[in-house]
2 protein chains.
Amino acid sequence: MAKVKVFTNILKANDSIAQKNRDIFNKNKVYTINLMSSPGSGKTSLLERTIDSLKNELKIAVIEGDLQTTNDAERIEKYNIPVTQINTDGACHLDANMVDGVLGNYNFKETDLFVIENVGNLVCPAGFDLGEDDRVVMVSIPEGDDKPIKYPVMFRKASVVLINKIDLLAYTNFNMDKVKKDALNINPNLEIFEISCQTGEGLDNWFDWLREQVRKKRDEK
Amino acid sequence: MAKVKVFTNILKANDSIAQKNRDIFNKNKVYTINLMSSPGSGKTSLLERTIDSLKNELKIAVIEGDLQTTNDAERIEKYNIPVTQINTDGACHLDANMVDGVLGNYNFKETDLFVIENVGNLVCPAGFDLGEDDRVVMVSIPEGDDKPIKYPVMFRKASVVLINKIDLLAYTNFNMDKVKKDALNINPNLEIFEISCQTGEGLDNWFDWLREQVRKKRDEK
């Protein structure tokens with residue numbers, strides 16, 4: 001009982017800081033996504049592809065979440081955009097307070113799209129609002145087609161599911177229809193894109209969707 | 001500060017129940033592994049292969065951990081061995097208490113090898129002793145070769161790393177030497193096996209290692 005109470009208090013505290021973050025993003029009309037997946041689904045590769053294709057039309061900034069190392073931030077830094085690595089020192093997800101702690105590193109007046117890459121974990125990040133506009137969940141073909149039904153919490157509050165590594169589809173017994181059906185059963189509002197960050201296939205649809213969200217955010221009253 | 005204290009108490013309580021579980025396994029000379037990986041690395045496929053190959057020489061029993069669904073337990077049940085599904089109802093790892101709660105389902109006098117398949121998560125399960133003899137961590141080729149350095153806690157207390165899906169090696173830029181070097185830097189005592197649960201390649205080495213551990217356990221005074 002005591003445990004549950006502590007966790008509820010943690011979540012309440014998190015929500016109030018997340019709202020503070022959200023106010024900052026909204027005031028500056030920065031469209032923000034919280035990008036989540038298992039380790040190795042391809043979050044950082046997606047970011048590299050996205051920045052490379054959109055950096056001349058959108059001002060992009062990034063938070064990289066990880067247990068340790070600055071590997072991912074170094075990959076993003078090469079594109080010459082603002083990036084901060086948050087090392088959670090073993091913690092399994094980012095929380096709103098960690099994000100709040102680094103927002104001073106950014107000039108949000110000069111930002112259209114803010115991407116928060118969460119720690120690689122298909123369970124824990126789902127419980128923690130960071131202040132984002134949308135949650136994007138990535139799964140990849142080699143992980144198998146049972147991820148939505150086995151990890152439903154992650155899909156319930158997401159806006160988008162990216163199914164990555166479709167270049168490996170031919171070498172697996174992945175059932176694309178099943179994954180889509182299971183994901184939409186959990187959350188009928190999901191946008192689903194099939195992509196390959198290796199070959200680039202399908203990424204244009206994702207870029208178009210992002211452009212549209214940034215435009216909508218900019219036009220908000 | 002309060003949070004840290006609660007977590008320390010939780011871990012202490014866990015360790016004392018884990019020891020109780022361990023006493024039961026030891027008394028009955030049951031060799032027990034705690035199998036951990038990201039979602040979709042291939043834990044259940046490994047189990048299917050292992051049971052199929054060893055069921056005539058070893059008496060095997062299984063715990064399946066998952067957030068929800070009984071999918072994995074159903075896959076194992078087909079082999080006609082004792083299996084219990086623990087659904088954590090959203091919790092990100094098994095703990096010793098959950099395992100303790102189902103041990104009554106098994107006849108350990110009639111068990112040589114007990115496999116506990118943990119929740120798919122490369123972070124949280126690392127903190128929780130279940131009473132196992134050895135921890136086995138699985139990574140798979142498509143997840144990329146940066147898993148040991150990015151998720152080191154999981155590798156620190158493991159005895160074995162299984163590198164699965166080597167049938168997909170040719171379609172990726174996975175650097176096998178790097179992964180092994182990074183893993184052994186974290187933990188020089190690791191046994192590392194390259195395997196494919198799809199083609200069966202490399203599994204004989206894993207089976208031999210398991211046979212040897214079961215034999216050692218049986219011969220313990």
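Before reading further, recall that the structure is shown in the block above.
Now for a quick tour of the structure. (Residues numbered from 1 in each chain as written. Chains lettered and ligands numbered in written order. Predicted model: local features only at pLDDT ≥ 70, side-chain atom pairs only at ≥ 80, totals over all residues. Heavy atoms only, no water.)

## Some details on the packing of aromatic side chains
All chains considered together, the criterion is met by 15 aromatic pairs over all chains. For the ring pair F25 of chain A and F114 of chain A, a centre distance of 5.5 Å and an interplane angle of 55° mean the geometry is tilted. Highlighted residues: F25 of chain A in helix 1 (residues 2-27) and F114 of chain A in strand 4 (residues 113-117), separated in sequence by 89 residues. Both residues of the pair, F25 of chain A and F114 of chain A, belong to the buried class. Ring geometry for Y106 of chain B against F114 of chain B: centres 4.9 Å apart, planes inclined by 70°, an arrangement best described as edge-to-face. Considered together, Y106 of chain B and F114 of chain B belong to a single accessibility category, that of buried residues. (Phe/Tyr/Trp six-rings, centres within 6.5 Å; stacked < 30°, edge-to-face > 60°. Helix = DSSP H or I, 4+ residues; strand = E, 2+ residues; numbered from the N terminus. Buried < 20%, exposed > 50% of the residue type's maximum accessible area, 1.4 Å probe, protein only.)

## Some points on the sheet that holds strand 2 (residues 60-66) of chain A
Through backbone hydrogen bonds, the strands of a sheet pair up, either in parallel or in antiparallel fashion. All names here are of chain A. Spatially, the seven strands line up as an open sheet ordered 3-2-4-1-5-6-7, and their pairing is parallel. Pairing within the sheet leaves two strands with one partner each, and these edge strands are strand 3 (83-87) and strand 7 (191-194). Within this sheet the neighbouring strands show an average axis-to-axis angle of 20°, counted without direction. On top of the sheet, helix 2 (residues 43-54) reaches strand 1 (31-37), strand 2, strand 4, strand 5 (134-140) and strand 6 (160-164); it is set at about 170° to strand 2, its chief contact. Where helix 8 (residues 203-219) meets the sheet, its contacts fall on strand 1, strand 4, strand 5, strand 6 and strand 7, and the angle it forms with strand 1 comes to roughly 140°. (Pairing = 2+ DSSP bridges. Axes fitted to C-alpha atoms, helices over the stretch in contact; angles between N-to-C directions. Contact = heavy atoms within 4.5 Å.)

## So, the nonpolar core
Within the largest apolar cluster, 46 residues are counted, with the highest numbers of intra-cluster contacts made by M154, F155 and I163 of chain A together with M154, F155 and I163 of chain B. Broken down by secondary-structure element, the contributors of at least two residues to this core are strand 5, helix 6 (152-156), strand 6 and helix 7 (176-186) of chain A together with strand 5 (134-140), helix 6 (152-156), strand 6 (160-164) and helix 7 (176-186) of chain B. Excluding residues that lie within four positions of it along the chain, M154 of chain A makes contacts with M36, N121, L122, V123, P125, A126 and V137 of chain A. (Core = buried A, V, L, I, M, F, W, Y, C linked by side-chain atoms within 4.5 Å.)

## Side note on the pattern of salt bridges
A side chain with one charge may pair with a side chain of the opposite charge, provided their charged atoms come close. Overall, the coordinates contain 36 salt bridges over all chains when judged by the stated rule. We note a salt bridge from E212 of chain A to R215 of chain A, for which the minimum N-O separation is 2.9 Å. Pair noted here: E212 of chain A and R215 of chain A are both in helix 8, with a separation of three residues, about one helical turn. Of the residues examined, R215 of chain A reaches a relative accessible area of 39% and is grouped as partly exposed. Notably, a salt bridge pairs D208 of chain B with R211 of chain B, separated by 2.7 Å at the nearest N-O pair. (Salt bridge = Lys/Arg side-chain N within 4 Å of Asp/Glu carboxyl O.)

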